Amino acid sequence: MMLFPWGWWPDALEASSSAWEGGALLACVPALAIVIDRLLGEPPARWHPVVWMGRWLGWAGRRLAPEADRPAAWSSQRVFWWAACAWCAAAIAVFAVSWLIQRWVLTQPVWLAALALGLFLKPLLSWAMLHDEVLAVEQGLMQSLETGRVQLARLVSRDVNSLTAGEVRESAIESLAENLNDSVVAPLFWFLLLGLPGAALFRFANTADAMWGYPGARGGRDWQWAGKWAARADDVLCWLPARITAGLIGILGGLRGWSQLPDQARRTPSPNSGWPMAAMALTLGVRLRKPDVYTLNSPGRVPEPTDTLRACAIGSRTVLGATLLACGALLAVLA
């Protein structure tokens, strides 16, 4: 049986008279997942693997992170290591289950294997919902500032009650740029390297960072040490995809100020999220900021309604570019 880059060749492909055709079908899996995303959207919560991950993380987090307003029962080191062990155990389980699913799928006829992999990959990435939610913020602002704030609160965790219309747009564009990496480019990158287990592992790490990776108190619990491993693990897994995302935004958006990108990207506390956000800010010529935390492209203007639409269009081109690159890389390896 011939080795697959991240598993095994389907039995039917090995027996086929045209391995090239079978490899070409499997190389289309990323594109198939994006098409399913656009046509069908997110699966119901009870069938969504990322929702399952979130539920486990919520359950475990309540037991690992000490309450913020009470004396800690455990030392900081003990909290850190228990949380790290819990993260690693869950990550191994996610990887193993995904590997078993993939191994079974790849024993099926190649056309069925490609379809099944696309269906299994789809919940591990999300572009249609992100695109539509960002547009909904702009549509909300057309009705009233308060409606725009309410829509933005679905996208970000920051307090939106005092934001101006321009600041609401800044936050929406920031969320779009950052999640282009987290929700599309990074899952495709890890799928390309490690198949379905790689994409699932990344989504677990990214979800854990979103729920645990805070430097202080949140939700009545202290995450200073309980979330440190999750935050660093996500930083490692996002490092290269974030820079690829920034490059795609700049190339497909027509960025001219490439020399400014590294300096602007380093202005955020995160080593990764600043790259796609800075690329989007420079490409659009707008200022993006989080008050008292960072300002990207400070000479830029305050975003206008057309900038939100342009950001979504650049995001769509970035998703298309990332998908074609992933399919092309798989085709080069498989066919």
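Presented here is an overview of the structure given in this document.

Rules and cut-offs
Residues numbered from 1 in each chain as written. Predicted model: local features only at pLDDT ≥ 70, side-chain atom pairs only at ≥ 80, totals over all residues. Heavy atoms only, no water. Helix = DSSP H or I, 4+ residues; strand = E, 2+ residues; numbered from the N terminus. Rg over C-alpha atoms; globule rule 2.2 N^0.38 Å. Buried < 20%, exposed > 50% of the residue type's maximum accessible area, 1.4 Å probe, protein only. Contact = heavy atoms within 4.5 Å. Areas by Shrake-Rupley, 256 points an atom, 1.4 Å probe, with all protein chains shown as cover. Lys, Arg positive; Asp, Glu negative; His and termini not counted. Charge placed at Lys NZ, Arg CZ, Asp CG, Glu CD. Patch = residues over 30% accessible without salt bridge, like charges linked within 9 Å, V, L, I, M, F, W, Y side chains within 5 Å. Salt bridge = Lys/Arg side-chain N within 4 Å of Asp/Glu carboxyl O. Core = buried A, V, L, I, M, F, W, Y, C linked by side-chain atoms within 4.5 Å. Disulfide = S-S within 2.5 Å. Phe/Tyr/Trp six-rings, centres within 6.5 Å; stacked < 30°, edge-to-face > 60°. Lys NZ or Arg CZ within 6 Å of the ring centre and 35° of its normal.

**A few points about the overall build of the protein chain**
Check the secondary structure of the protein chain and you find 13 helices and six strands. For a compact globule of 335 residues, the expected C-alpha radius of gyration is about 20 Å, and the protein chain comes in at 21 Å, within 12% of that figure. Overall, the C-alpha framework of the protein chain stretches about 65 × 55 × 40 Å when taken along its three principal axes. Expressed as a percentage of its 335 residues, the buried residues of the protein chain come to 52%. Of the contacts made within the protein chain by residues no fewer than 6 positions apart, 69% connect residues no fewer than 24 positions apart. Carbon and sulfur atoms provide 63% of the accessible area of the protein chain, an area that totals close to 15,600 Å². Of the charged side chains in the protein chain, 28 are positive and 25 negative, and the gap between their average positions amounts to 3 Å.

**Considering a nonpolar patch on the surface**
A cluster of nonpolar side chains, L25, W111, L115 and L119, forms an exposed patch at the surface whose accessible area comes to about 400 Å². Of all the elements, helix α6 (residues 110-121) adds the most residues to the nonpolar patch, at three residues. By the element assignment, W111 lies in helix α6.

**Considering unusual backbone geometry**
Unlike most non-glycine residues, D292 shows phi in positive territory, near 70 degrees. By the element assignment, D292 lies in the loop between β5 (288-290) and β6 (294-296). A relative accessible area of 85% places D292 in the exposed class. Its identity as a non-glycine residue notwithstanding, N297 has a phi of 55 degrees, on the positive side. Tracing the sequence through the fold places N297 in the loop between β6 and α13 (305-334).

**Some remarks on the nonpolar core**
Within the largest apolar cluster, 91 residues are counted, with the highest numbers of intra-cluster contacts made by W87, L121, W212 and M280. A total of 22 residues in this core trace back to one element, the largest contributor, which is helix α9 (residues 165-212). Not counting residues within four places of it along the chain, the set of residues in contact with M280 comprises I173, L176, A177, L180, I249, A311 and I314.

**Here we look at the state of the cysteines**
Where two cysteines share a covalent bond between their sulfur atoms, that bond is called a disulfide. Per the counting criterion, the structure on display carries zero disulfides. Distance from the sulfur of C85, which forms no disulfide, to the nearest cysteine sulfur (C88) is 6.5 Å. The exposure class of C85 is partly exposed, given its relative accessible area of 48%.

**Let's talk about the packing of aromatic side chains**
Here the structure, examined in full by the defined rule, presents nine aromatic pairs. Here F80 and W81 contribute two aromatic rings whose centre-to-centre distance is 4.9 Å and whose plane-to-plane angle is 80 degrees, an arrangement assigned as edge-to-face. In this structure F80 comes out as buried when scored by relative accessible area, which is 16%. Taken together, the ring pairs in this structure connect F80, W81, W87, F204, W225 and W229 into an aromatic cluster. The residue whose ring lies beneath K228 is W225, and the NZ or CZ to ring-centre distance is 5.0 Å. Over the ring of W239 we find R243, and its NZ or CZ is 4.0 Å from the ring centre.

**Observations regarding the pattern of salt bridges**
Summed over all chains, the structure comprises 15 salt bridges. The shortest N-O distance in the salt bridge between E133 and R154 comes to 2.6 Å. With E133 in helix α7 (residues 128-143) and R154 in the loop between α8 (145-152) and α9, this pair connects stretches of sequence that are 21 residues apart. Residue classification places E133 among the buried residues on the basis of a relative accessible area of 15%. Taking the shortest distance from any N to any O, the salt bridge between R169 and E138 comes out at 2.9 Å. Of this pair, R169 sits in helix α9 while E138 sits in helix α7, and the two are 31 residues apart along the sequence. We classify R169 as buried; its relative accessible area is 11%. When salt bridges with common partners are traced through the structure, they connect E167, E170, R287 and R289 into a single cluster.

**Examining the environment of G195**
Its location among the elements puts G195 in helix α9. By relative accessible area, which is 0% here, G195 ends up buried. It is 8.0 Å that separates the C-alpha atoms of G195 and Q102, two residues lying 93 residues apart in sequence.

**Some points on the side chain of T207**
Secondary-structure assignment places T207 in helix α9. Residue T207 is classed as buried on the basis of its relative accessible area, which comes to 11%. Excluding residues that lie within four positions of it along the chain, T207 makes contacts with V50, G54 and L57.

Bear in mind that shape data such as this cannot, by itself, settle questions of function.
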